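# Remarks on the overall topology
Each chain, written out:
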Amino acid sequence: GFKAIPGEVVTDFDRAAPQGVGEVKCAGNYAADLLPQTGHKKRGFPIGLYLDPKEKKYCEEFNGANLVAITKSGALVTPESASI
């Protein structure tokens, strides 16, 4: 089965930006998360969820993993994003 992990929505920072290099898994993408990650871990959340950098209203990805959600009908879904 699945075990829920408490997470915090990251609102003051972006991990990847439109027209950036988010689709390339390189060190620069993860270095931008060091400061936000330290903050939410201090507040008791082991993982942070980034929203889309343009509108800040769509789920994009967790700082350490991709986001996979389960709908009420049981379907698995992942965000579509041009920046990751």
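Bear in mind the structure is a predicted one, so any value in this text is a computation, not a measurement.

Each helix and strand counted, the chain has two helices and five strands in total. The order of helices and strands in the chain, counted from the N terminus, is β-α-α-β-β-β-β. Split into buried and exposed, the 84 residues of the chain put 26% on the buried side. Taking as baseline every contact in the chain between residues at least 6 positions apart, the subset at least 24 positions apart corresponds to 47%.

Moving on, we get to a nonpolar patch on the surface. A surface patch of nonpolar side chains, amounting to about 490 Å² of accessible area, comprises Phe 2, Val 68, Ile 70 and Leu 76. Here Ile 70 shows up in strand E4 (residues 69-70).

With that settled, consider the sheet that holds strand E1 (residues 7-10). Pairing in this open sheet of three strands is mixed, and the strands run E1-E2-E3 from one edge to the other. Across the chains shown, the open sheet's two edge strands, defined by having one partner strand only, are E1 and strand E3 (59-62). Averaged over neighbouring strand pairs, the angle between their axes works out to 30 degrees when direction is ignored. Direction of pairing for strand E2 (residues 47-51) relative to E3: antiparallel, over a ladder of three bridges. Among the inter-strand pairings, Tyr 50 is bridged to a residue of E3, identified as Glu 61.

Another point: unusual backbone geometry. With phi around 55 degrees, Lys 56 is a residue other than glycine that occupies positive phi space. Looking at Lys 56, the relative accessible area reads 32%, which means it is partly exposed.

So, how was this worked out
Residues numbered from 1 in each chain as written. Predicted model: local features only at pLDDT ≥ 70, side-chain atom pairs only at ≥ 80, totals over all residues. Heavy atoms only, no water. Helix = DSSP H or I, 4+ residues; strand = E, 2+ residues; numbered from the N terminus. Buried < 20%, exposed > 50% of the residue type's maximum accessible area, 1.4 Å probe, protein only. Contact = heavy atoms within 4.5 Å. Patch = residues over 30% accessible without salt bridge, like charges linked within 9 Å, V, L, I, M, F, W, Y side chains within 5 Å. Areas by Shrake-Rupley, 256 points an atom, 1.4 Å probe, with all protein chains shown as cover. Salt bridge = Lys/Arg side-chain N within 4 Å of Asp/Glu carboxyl O. Pairing = 2+ DSSP bridges. Axes fitted to C-alpha atoms, helices over the stretch in contact; angles between N-to-C directions.

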